[in-house]
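# Fold and contact review
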Amino acid sequence: MTTSRPPAGDDARDLRERALERLRLRREHEAPRAPADALRLVHELEVHQVELEIQKAELERTRDELASSLARYTDLYDFAPVGYLSLDRDGTILSVNLYGADLLGVPRARLLGRRLGDFVPPSWRPALVSFLARTLAGSSREACELALQPEGGWERVVRIESTSSPSGLECRAAVTDVTERRVAEDALAREHLLLSEAEQVGHLGSWEWDVGLDEFRVSPEWRRIHGTSEHVLSRRALSGFAHPEDVSRVMAALEDALAGPRPYDVEHRIVRADDGRVRLVHALAFVERDAKGRPLRAVGVAQDVTDSREAERALRESEKEKRLLLEHLPIGVVAHGPDTRILYSNPKAAELLGLSASAMKGKAAVGSEWRFLRDDGSAMPAREFPVNAVLATGRPLQGLVLGICPPKSDATTWVLVQAYPELGNDGRLRQVVVVFVDVTARRREQAAVREQEERYRALFDTASDAITIHDLETGRILDANPAANRLYGWPPEELRTLRFDDLAAGEDAGSCPLAGLPGHGVLPHHRRKDGTVFPVELRTSAFDVGGRPAMAVFARDISERVEAEARLRASEDQFRRAVSEAPIPILIHDEDDRNLQVSSGWARFSGYTLDDIPTMGDWTEKAYGSRSGLEKKYIDALFSIDATVSNGEWRVTTKDGLQRTWEFQTTPLGRSPAGRRVLMSLAVDVTEKKAAEDGIRRANAGLEEAVRERTLELAEANASLAEANAELEAFVQSVSHDLRAPVRAISGFAQVLAEDFGERLSPEGTDYLGRIRAAGQRMGTLIDDLLRLSRIGRADLELSNVDLAGPCREILAELAAGSPERPVETVVPGPILVHGDDRLLRVLLENLLGNAWKFTAATRGARIEVGCEIGPEGFVDVFVRDNGAGFDPDLKGKLFRPFQRLHSADQFPGSGIGLAIVERIARRLGGSARAEGAAGAGATFHVLLPVAKEGAS
Amino acid sequence: MSGAPVLLVDDNPDDVLLTRRALQRCRETREVLVAGTGEEALEILHGDPGNAFAAAARPALVLLDLKQPGIDGIEVLRRIRADARTRTVPVIVLTSSRVPEDVDACYALGANSFLQKAVDFDRFQEGMRVFAEYWLAMNVAPGPAA
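Residues numbered from 1 in each chain as written. Chains lettered and ligands numbered in written order. Predicted model: local features only at pLDDT ≥ 70, side-chain atom pairs only at ≥ 80, totals over all residues. Heavy atoms only, no water.

### Re the overall build of chain A
Assigned secondary structure in chain A consists of 26 helices and 34 strands. Counting over 953 residues, chain A shows a buried share of 36%. Look at the contacts in chain A between residues 6 or more apart in sequence, and 45% of them connect residues 24 or more apart. Of the roughly 55200 Å² of accessible surface on chain A, a fraction of 55% belongs to carbon and sulfur atoms. (Helix = DSSP H or I, 4+ residues; strand = E, 2+ residues; numbered from the N terminus. Buried < 20%, exposed > 50% of the residue type's maximum accessible area, 1.4 Å probe, protein only. Contact = heavy atoms within 4.5 Å. Areas by Shrake-Rupley, 256 points an atom, 1.4 Å probe, with all protein chains shown as cover.)

Put into C-alpha cells, the structure is as follows:
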C-alpha cells in the first residue's frame, strides 16, 4: 500500500520537476509578462497551479487504486479460509469475516456483539481468557489451540493466532480449523504408542536402516534392550553392541542378508551400553531393494530372548527332574497306549516285571511274557490286567493286588496297583498309567502273621495247660481251650458264660480279683463243675482284645505234684534222720562253704556239733589249723567229682586237742534246690588201727633200708659190668674185622694155588688145598656170626607194637622158595602182637624158623607151627614148634650158648650161633627164651616177649 | 686193554693181588692203578695238572677199600664227590664186613655199589666180575658220547 502514502522528498522533487516542465511548455505558447518580479511571481503561481493539477490527478489515481485494493482485501478478508475476528478485551466480537462466522455457525450480522467465549466449551474458557490477556498485554504474536463449539455443529479444534491493535484495546485474531490435523495426529500418536507398548511387551525393538546413508533408526524398545539413548546409529556403532565373541558372526550375517536372498536372522549376545550386562538377542531383518536388486533399506527387529531361553532351559530342567524322579522312584510306573502297548516304563517297573526297560518298550500288555496272579493266587485272565480294566471302564483302578510271575523266574512278586486313564487336550484317551508298589515283603509278613496266628491257635488248642482268656474288668471268660474244658469239666459253651470267680473255690473265691493275680503263683482251691476242688499253678499274662484289657490265665492241675512233693519231703526227713543218727562221722556240705548237717558220730568223735562248725572253713581251721590251707583246697576241689572218691587218711584235731586219724570218702549228692553242689563226706576213725600198723611199719623200715643198700650195690656192679660188656663188644667187633683179612688171604690164595698150579699137585695135595679153603671159609662164617651176635647187644632199640604173624609168613615163604623140593606144613595164626624192635624181632624169627626148617630136613611130614600163649604178667609166650630132630634134654642148658652145636656139622650145617642170637634178642627186649624137646621128638622154642602196649602204634 | 684205567685203593697187598686177579677174569679188562693210601688215591684223581691221569686218563672206575691208614675210605669218597672233575666217576666200595652204618654212610656220600670182600674167593671174584662189567661196559656214563 505504498501508493496510498503521501509523496516523500524524492517524489516532491520529482513533482516540482514535472510541474516546472509543464509550465515552460505553456509559456512558449503565451506572451511575456510585465516587470520581472511580477513576471517571476506569476511564474511561481503558474508552477504551483500546475503542481496542484498534477497532484490532483495523482490523488485521483491513488484514490482509484486504493478503492480497488480495498475491494480486493475485503473479498480476501471475507472469503479467506481463515476466520478473522477482532475482539475487545472481554472477548466481545467486534468484527468477523464470513469464514469466521461459518466456524462459529452463526450469521455475521447476529454475531457482532456476542462473546467468543460463548462458543468455547467451559473447560477451555480460562485458556481463552488468559490468551486474550496475553495478547493484549504485549505486542508480539500469540498463538494457542482451543476447542470451539459452533451452534448446531460438531466440536472443532482451532488454532488462534493474534496480535493486539496499535491502540492495545483490540485483539485481531486469525482462527484456523485444525480439527482434521489434530485427529490425524492423535491417530498417529496412538499408533506410535501402541507400537511402542507392543515392542515393550514383546521385548521386541525395531530398527530401520537406510543403506545409502548408513543410518540405523532404532525404536525406544530397541534402545531399552541395548541400554542406549542414541536414536540413530551407524553400522559401525551397531556392531559395538554385539558381544565381542559374536561380532564377526553378526556382521557376516548382515553382509549375507545384503547380498541376499536370505533375510538377516541371527541370535547373538549383546553387551548393553549402559550397564554392560550381557543379553541374548534374536535379530531378524528384511532388505528392500531397487529395481536393479541393490539394497536400499532394511527393516528389522531385535528381541531380547534371554528370559525366554532361560525359561526354556528351566522347563527342560524341570522335565529332566521329573524324568529323573520317575527313574528313581521306588514305585513302578508304566504308561500304556490305548492299544495297551507300553509307551514308557521306569526302571523299577522293569525290575518288578522282570524285563529290561528297553525290552518292555512297545510290548502289549497281553503278551506271553507275563503271567499275573490274582490276590488269591489263581491265574489272572488278560481282561483283568490293570490296563485292560481301565480301558474297559474308562475309570481309574485302585488297590488291586496282583502277583507277577516274571519270565524265567518262579519267584512271584506281589504288587499293589493303581491305574488311571490320561486324556489328551482333545478329550480322547491318550494313555493309561499303571503305578505299582512292591508289597511282596508286606504280604509275606501278613502271611507270616496269619501263619503265626494259626500256630498260636494250634498251640492254644493243643496246649496241655488250661488256658482261659478273661475280660480283665468283669472276669468273664472270652475264650477257653479244650484243656480248660477238660480241667474244669465244663462244656465249651457253658464255660464261656462263667467268670474267673466261678472257677475258684473256698478261700480263693472272691478273694482274688483277676487284676490282682500275680504273674505266677499257686492257688490251692480251684473247682470243677462237679464241685471237686484241686490246686492249680497259675500263670497270667495281660494283653488287649479289641482294645479292651484282657488276661490270659494258664492253669495247671498240680494235685499230683503236690502229692509228690509231700512224699519227697517225707523221704528227705528220713534221709536227714539217717544221717544225723549215724554212729560214724558224716558231714553234708555244699559248695558255698556251708556245712548243712553233721551226724551224731561226727560230734562224738570230733567233739564238734554243727553249731561249732557252721562252715567248712570253721572245720578246717579247728581240725587242721587253717581256714584256707591245703586241706581246704583239697576239699574245695572235691566238688567236681561225679562219683564216690576215697580221700585217704586225714589227721584231725578234736575239740579235746587230741589227734585222731580219719579215713575219708566223699560222695556227691547232686544239687541243692538252689542249684549248689552238695557233698557227703563220711569218715572212719582208724586211729587205733593205725597205731597197730605203725609198729609193723617200723619193723619193716629196717629191712627195706638193707634191701635198698643192696640194690644200690647191685646197680653199681651192673653199670660197671655193662661198661665192660660194651668194651668187650667193641673189641670183638674190631678183632673179628681184622681177622677177616688174613683168613681171606689164606682162602683166596689157596684157590689161586688150586687154579694155577692144580695140575702140578698130587691128588693128596689138592685135597689139602681143599681143606685149607674150607677151613678158611668156616673161619669167615664164624667171624661173621660173631659180628652179628655182638651187634645185637649194641643196636639201638626202636620199640613199637609188632605183629609177628606177617614176618613169620614171609620168612617161611622165603625158606620154601630156597628149598622148593621140601614139602613142609606150616601153621601161623594171626595176629601175634608183641612190643619190641621190629628189626631185631625179624632176626629172632629168622633164626628160630631157619633152625626149625633146618632140623626138619630129614623128617618125613615136616611140620612147623608158630603160636602164642598168655605168658606171665606183661608177657606173651611166642613159640615155634617143629617135629624135626629134637635134642637131648640134658643138654638144654647149653643150647643158647654161642657156637654150641648139638649136632655134627655133617648132619646139620651151621655155626651154632642162631639160638644164641635168639636168646640175646629176647633178653635185649626184656624177655627170655627157653627150649623144650627130646631127641628125635622135635623141639619147641618159647620166647617171652612184652605184650603190645595199648595206645602205642 | 683199552679204555680208561681202574683205580684200586687198598693198603693190603694180599687183597690188591686177589682183586687184580679177580679183575683179570672180567671180560672188560682195564689197566689197574693201585693207591696204597687215601692220599695217593686223591693225588692220582685230583693231582697237579701235569699229571697225565688227572687230565686225560681219569679212572673209569674206583674200587675203594674203606679201611685205610691216614685219610680213610669214607673221606676219600667224600672228596671224590666234592670235586667236579670226579663227581660222576663210579665208585664201588669194598669192605671186609657189612657194618650197616658204613653202608648207609657210603650211599649217603654217593657210592655207586657196595661189595663185601667175602672170604670165599669164588664169591668175591664173581661179585667183582659182575660189578666191573656193569660199571665199565653196560652202564652209560655221563659226559660226551664215547
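### Details of the sheet that holds strand β5 (residues 113–116) of chain B
Residue and element names in this part refer to chain B. Strand order in the open sheet made by the five strands is β2-β1-β3-β4-β5, with parallel pairing throughout. Edge positions in the open sheet fall to β2 (32–35) and β5, since each of these has one partner strand only. Going across the sheet, the axis of each strand differs from the next one's by a mean of 20°, ignoring polarity. Bridging between strand β1 (residues 6–9) and β2 involves four bridges; their strand directions are parallel. Residue pairing in the sheet places Val-9 in a bridge with Ala-35 of β2. Contacts between helix α4 (residues 73–82) and the sheet are confined to β3 (61–65) and β4 (91–95), with β3 contributing the most and set at about 155° to the helix. Across the sheet, helix α5 (residues 100–108) lies against β4 and β5, angled at about 150° from β5, the strand it touches most. (Pairing = 2+ DSSP bridges. Axes fitted to C-alpha atoms, helices over the stretch in contact; angles between N-to-C directions.)

### Here we look at the pattern of salt bridges
Residues and elements named next belong to chain A. Counted under the stated rule, the structure contains 93 salt bridges over all chains. With its nearest N and O atoms 2.7 Å apart, the salt bridge here joins Glu-161 to Arg-141. With Glu-161 in strand β4 (residues 156–164) and Arg-141 in the loop between α5 (125–137) and β3 (142–148), this residue pair connects regions lying 20 residues apart in the sequence. For Arg-528, the salt bridge identified is with Asp-557, shortest N-O distance 3.2 Å. One end of the pair, Arg-528, is in the loop between β20 (520–527) and β21 (533–545); the other, Asp-557, is in strand β22 (residues 548–557), and 29 residues separate them in sequence. (Salt bridge = Lys/Arg side-chain N within 4 Å of Asp/Glu carboxyl O.)

### What to know about the nonpolar core
The tendency in soluble globular proteins is for nonpolar side chains to be buried as a group. Residue and element names in this part refer to chain A. Membership of the largest hydrophobic core comes to 43 residues, with the highest contact counts inside it found for Leu-804 and Leu-849. Secondary-structure elements contributing two or more residues to this core are α23 (763–794), α24 (805–818), α25 (838–855), β31 (863–870), β32 (875–882), α26 (914–924), β33 (928–933) and β34 (939–946). Of the residues forming this core, the biggest block, eight residues, is contributed by α25. Other than its neighbours up to four places away in sequence, Leu-804 contacts Ile-832, Val-834, Leu-841, Leu-845, Val-878 and Leu-945. Formed by 25 residues, the second largest nonpolar core is a distinct cluster that contains Val-211, Phe-241, Leu-258 and Ala-298. (Core = buried A, V, L, I, M, F, W, Y, C linked by side-chain atoms within 4.5 Å.)

### Focus on the packing of helix α1 (residues 13–24) of chain B against helix α6 (residues 121–138) of chain B
When two helices pack together, their arrangement is given by the angle between the helix axes and the distance between those axes. Residues and elements named next belong to chain B. Here α1 crosses α6 at 55°, and the two axes come no closer than 8 Å. In terms of orientation, α1 lies oblique with respect to α6. Crossing geometry of α1 relative to α6 is assigned as right-handed. Every residue of α6 that contacts α1 at Leu-18, Thr-19, Arg-21, Ala-22 and Leu-23 is listed here: Phe-121, Phe-124, Gln-125, Met-128 and Ala-132. Across the contact of α1 with α6, the residue classes break down as seven nonpolar, two polar and one charged. (Parallel < 35°, antiparallel > 145°, perpendicular 65-115°, else oblique. Left-handed = near helix turned anticlockwise from the far one by under 90°. Nonpolar A, V, L, I, M, F, W, Y, C, P; charged D, E, K, R; others polar.)

### Notes on the confidence of the model for chain B
Residues and elements named next belong to chain B. Residue-level pLDDT values for chain B average 82, and 88% of them are 70 or greater. Of all the helices and strands in chain B, helix α3 (residues 52–55) carries the lowest mean pLDDT, 51, while β1 carries the highest, 92. Interface confidence in the predicted complex, given as ipTM, is 0.80; pTM for the same model is 0.34. (pLDDT = per-residue confidence, 0-100.)

### Brief notes about the packing of α24 of chain A against α25 of chain A
Residue and element names in this part refer to chain A. Where α24 contacts α25, the axes come no closer than 10 Å and their chain directions differ by 45°. Comparing their axes, α25 and α24 come out oblique. Crossing of α24 against α25: the hand is right-handed. Taking contact as the criterion, the partners of Pro-807, Cys-808, Glu-810, Ile-811, Leu-812, Glu-814, Leu-815 and Ala-816 in α24 are, on α25, Arg-842, Leu-845, Glu-846, Leu-849, Gly-850 and Trp-853.

### Focus: the interface of chain A and chain B
Interface size, as often reported, equals the accessible area lost upon joining of the parts. Each side of the interface is counted separately: chain A has 22 residues, and chain B has 20 residues. Summed over both partners, the interface of chain A with chain B comes to about 1700 Å²; 52% of that surface belongs to carbon and sulfur atoms. On inspection of chain A and its partner chain B, the count reaches five salt bridges. When the shortest N-O distance is used, the salt bridge between Asp-15 of chain B and Arg-744 of chain A registers 2.7 Å. Connecting chain A to chain B are seven residue pairs in polar contact (both at pLDDT 80 or more). (Buried area = accessible area lost by both parts, 1.4 Å probe. Polar contact = N/O pair within 3.5 Å; in protein donor to acceptor, adjacent residues only side chain to side chain.)

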